[in-house]
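# What the coordinates show
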Amino acid sequence: MPMSRRDLTRAFAVTVGSATLLGTTELTTTELTTANAATQRTHKRTTTATRSHDRSTRYPPLITHTHHRPTGYEVTFRYHAPDATRVQLKGEWYFERPSDLPERLSGPDGTVETPGLRPRQWRRGDVPIASPNSTSPNWPVVDMRKGRDGVWSYTTPLPGGVYTYGFFIDADADDTTTTGLVPDPSNPAWNVHDGVVDGRAVDRSQIYVPSDADFDPRETSWLSATDGASGKLRYVTYDSPGHVTPADQNYLVVYTPPGYDAHRATPYPTLYLSHGGGEDEMGWSTQGALADIMDQLIGRAEIEPMLVVMPNATGYATSSQESLHRADLIERVIPWMEEHYHVVADASGRAYSGLSAGGMRTAYLLLDNTAEFGYYGLMSAGLPPDTTFSDDLVTAMKQASVWIGGGWQDPINAGFVLNGTALHRGPFRAARDLTEAGVHVTTAFIDGGHEWYVWRLLLRDFLTRVAFLPATSAPDSWGA
């Protein structure tokens, strides 16, 4: 049977309370529920809890409210591997101090060098960023300590936010290594039931850490699992003739909002949300903390209830500007959604956004399939190098709402070249070129690099400022 919230809180009260021997304080029931909610997503979003007789699933991360510097919170990561000779932990917690950077913006003259500050060096205002600063996941790898019970552990302070982490078993990993990474069996992805994966497996886990206002004034609870009604995630396999891997089929993940009503008078808007390079349909619902963000924003009435579709954009034959994927999206995915869900069936109720490679897909759709969506959000990407704007295209783009965002320190700001081929010219030039063509663009640039810390914030910005809202520039017909 699934554990109730009361049982989970009681269980964590025992484990976290034991940390008082180290001079920390036991969390209150409310703090426990908030602090450990992210590690219990499986209990909240799936119908079956992890089997208790499997010892490897009994050691979720322990979040302790220390009330001490540097962050006020500490997390102990654990992994049960009695026969292992070495266990390493990789987590997304290198930081930079923007006020101390010799330069703020990555651009044509070079990429901003980041100091790789460790969590114990953290100060308010610091933000997560890879080190060396890159589009690759260059995050710290540390050795864990083995206990007599065969449980390996590592404790670190962390500021408020969502962090992705994973383990290497009997490996010799460094900060650039990703091959061999395994998720936390005590904190699996939402699509794991009794150890069985429904759909595609992921190789890492996520944890939410609250903010202590005495040390970190940022409000991060919008990233946490909600205490109220939550939406649902569904893994879907659909027919996709011509798709290569898997043959003639493809995948997507669908989020439905709390209280989704297939019979309500007004159909729901839909956000189509695309992953980055090297990822798939599972990226946003795991590393992106999509469901928790949507639940929080909807529950706070910051956005209206909507569905989110996260397609897989990989496994197609090679095509110019991913035309095969775009055709599949328009000819199969959108009709499939309209057949199976109560959604708006025209562009006024559709938004498209994506990060990095997904931002490029957003650009391709904006330029070549403009009328399919009413709202476009490019994250950490730009327009293709050979982009030109015809009068008809400009007229069409003026009918949509366009948003562009990224990190100030992102290495792709000057454009992105892969294997000698220029793929896009960067988000700043995209904003400039579209604006000069007469297309109004809303922008959002923040301190950070090419990582999920930035993209979660950008998703919130796009949803609360642009998607499914009235246009923010006046048409020529307005005015006295």
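Our subject is the structure that appears above.
What counts, and where the lines are drawn
Residues numbered from 1 in each chain as written. Predicted model: local features only at pLDDT ≥ 70, side-chain atom pairs only at ≥ 80, totals over all residues. Heavy atoms only, no water. Helix = DSSP H or I, 4+ residues; strand = E, 2+ residues; numbered from the N terminus. Buried < 20%, exposed > 50% of the residue type's maximum accessible area, 1.4 Å probe, protein only. Areas by Shrake-Rupley, 256 points an atom, 1.4 Å probe, with all protein chains shown as cover. Pairing = 2+ DSSP bridges. Axes fitted to C-alpha atoms, helices over the stretch in contact; angles between N-to-C directions. Phe/Tyr/Trp six-rings, centres within 6.5 Å; stacked < 30°, edge-to-face > 60°. Lys NZ or Arg CZ within 6 Å of the ring centre and 35° of its normal. Salt bridge = Lys/Arg side-chain N within 4 Å of Asp/Glu carboxyl O.

## A closer look at the overall build of the protein
Across its full length, the protein holds 10 helices and 22 strands. The 480 residues of the protein split such that 56% are buried. Of the roughly 20300 Å² that the protein leaves accessible, carbon and sulfur atoms contribute 50%.

## Quick notes on the sheet that holds strand 3 (residues 87-91)
As a general point, the strands of a sheet are linked pairwise by backbone hydrogen bonds and lie either parallel or antiparallel. Spatial ordering of the open sheet is given by 6-3-9-12, a layout of four strands whose pairing is antiparallel. Looking at the sheet topology across the chains shown, the edges are occupied by strand 6 (141-143) and strand 12 (205-209). Each neighbouring strand pair of the sheet contributes to a mean axis angle of 30°, computed without reference to strand direction. Here three bridges tie strand 3 to strand 6, and the two strands are oriented antiparallel to one another. Each residue of the ladder has a partner; that of lysine 90, found in strand 6, is valine 141.

## Focus: the packing of aromatic side chains
What the rule picks out here adds up to 19 aromatic pairs. On the numbers, 5.9 Å between centres and 65° between planes, the contact of tyrosine 260 with tyrosine 341 is edge-to-face. Taken as a pair, tyrosine 260 in the loop between strand 14 (249-256) and strand 15 (270-274) and tyrosine 341 in the loop between helix 6 (323-340) and strand 17 (350-355) lie far apart in primary sequence, 81 residues in all. With relative accessibility at 23%, the residue tyrosine 260 sits in the partly exposed group. Judged by relative accessible area, tyrosine 341 falls into the buried class, the value being 11%. Ring centres of tyrosine 352 and phenylalanine 373 lie 5.4 Å apart, and the angle between their planes is 65°; this geometry places the pair in the edge-to-face category. Taken together, the positions of tyrosine 352 in strand 17 and phenylalanine 373 in the loop between helix 7 (357-368) and strand 18 (375-379) put the pair 21 residues apart, joining distant regions of the chain. A relative accessible area of 0% means that tyrosine 352 is categorised as buried. The rings of Phe77, Tyr79, Trp93, Tyr163, Tyr165 and Phe167 are connected pair by pair, giving a single aromatic cluster. If you follow arginine 264 out to its NZ or CZ, it ends over the ring of tyrosine 268, 3.6 Å from the centre.

## Remarks on unusual backbone geometry
With an omega of -5°, the peptide bond running from serine 131 to proline 132 counts as cis. Along the chain, proline 132 turns up in the loop between strand 5 (127-128) and strand 6. In this structure, the amide linkage connecting threonine 245 to the following residue, proline 246, adopts the cis form with an omega of 0°. Note on placement: proline 246 falls in the loop between strand 13 (232-239) and strand 14. Backbone geometry places glutamine 321, a non-glycine residue, at a positive phi of 50°.

## What about the pattern of salt bridges?
Within the structure shown, the criterion is met by 18 salt bridges. Where arginine 104 meets aspartate 447, a salt bridge forms, and the shortest distance between an N and an O atom there is 2.5 Å. With a gap of 343 residues between them, arginine 104 in the loop between strand 4 (95-96) and strand 5 and aspartate 447 in the loop between strand 22 (441-446) and helix 10 (452-465) connect regions that are remote in the sequence. Between glutamate 322 and arginine 361 there is a salt bridge; the shortest N-O distance is 2.9 Å.

That is the geometry; function is a separate question.
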